[in-house]
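Here's the letter readout for the chains.
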Amino acid sequence: PENEQSGVGHAFTYKKPLVVHKRFHNDGNYGYSVSGTPSDCIKIAVANILSEKPDLIVSGINNGSNTGIAAYYSGTVAAAREGVFWHIPSIAISLFERSTHLFKEYSYVSEKLIKIILDDLSNNNPQILKDRIFLNINYPACHPKLSRGIRITKQSLAFYIDKYTPVKHDDCISEYWLNSEIGEIEPSNDYDTCAIRNNFITITPLHIDAT
């Protein structure tokens, strides 16, 4: 997306047109940029741009982790969720906020990890990525070589304690900046929010059926 906003969630554009640009790379390959949200990218790609459904959707790497209930607010995770709406195997990938200098290293990790996941699932449980289950991968705030390994985790339900800091103005405008702190984190590496803080790479399977 060209104009992704923080906390965009699963928003999509429907009361104004989407602007799509074809972007060429130096190596001759090309892709598309979309003026809307991450879920817009998936919707218009599958519905209009592509001649057939892709074999796999990979969303990310996002700047900032999307563990726990943050996955509900995340545009990166929403793009993967949108993919399974269309019955396409989908993976969301995010990197802890303090690790932006490690994007290159974790891009290499992502390529290898996705291949391992797909090989494992195709051999052992091929239905996982077909039954509207998608994977939410999060990388910790350390170099890949210093991580404690990979864990298959549950989604944390740790709650965000929202605090809004007011900004004073001379006029009547009320302006507030959101400052949230996460609390009630489950004290177990079985949950993604705890595990990533303990330098594990987490893989959390998520399902679109919230019944």
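Scroll up to find the structure this text is about.
Residues numbered from 1 in each chain as written. Predicted model: local features only at pLDDT ≥ 70, side-chain atom pairs only at ≥ 80, totals over all residues. Heavy atoms only, no water.

Peer 1: Could you give an account of the layout of surface pockets, with specific residues and numbers?
Peer 2: Here the second largest pocket is characterised by a volume of approximately 590 Å³. Around the second largest pocket, the lining comprises 26 residues; the ones closest to its centre are Pro 1, Tyr 32, Cys 41, Ile 42 and Val 58. At the level of secondary structure, the elements contributing two or more residues to the lining of the second largest pocket comprise strand S2 (30-34), helix H1 (38-49), strand S3 (57-63) and helix H3 (75-85). With seven residues, the single largest contributor to the lining of the second largest pocket is H1. Grouping the constituent residues of the lining of the second largest pocket by class yields 18 nonpolar, six polar and two charged. (1 Å grid on protein atoms, 1.4 Å probe; cavity = no way out; pocket = protein on both sides within 12 Å on 5 of 7 lines; lining within 4 Å. Points joined across faces, edges and corners; volume = space filled by probe spheres on them. Helix = DSSP H or I, 4+ residues; strand = E, 2+ residues; numbered from the N terminus. Nonpolar A, V, L, I, M, F, W, Y, C, P; charged D, E, K, R; others polar.)

Peer 1: Lay out the nonpolar core in plain terms, naming residues and giving numbers.
Peer 2: Residues Tyr 106, Leu 113, Ile 117, Ile 137, Tyr 139 and Ile 201 are the most contacted members of the largest nonpolar core, which totals 16 residues. Element by element, the count of residues in this core is highest for helix H4 (residues 103-124), at six residues. Judged by nonpolar contacts, the second largest core, of seven residues, contains Ala 71, Val 77, Val 84 and Leu 206. (Core = buried A, V, L, I, M, F, W, Y, C linked by side-chain atoms within 4.5 Å. Buried < 20%, exposed > 50% of the residue type's maximum accessible area, 1.4 Å probe, protein only.)

Peer 1: Run through unusual backbone geometry, naming residues and quoting values.
Peer 2: Between Gly 60 and the following residue, Ile 61, the backbone shows a cis peptide bond with an omega angle of 20 degrees. Positionally, Ile 61 belongs in strand S3. Its identity is not glycine, yet His 87 carries a phi of approximately 60 degrees, on the positive side. Within the secondary structure, His 87 sits in the loop between H3 and strand S4 (90-95). For His 87, a relative accessible area of 48% corresponds to the partly exposed category. Backbone geometry at Glu 184 places phi at a positive 60 degrees, although glycine is not the residue there.

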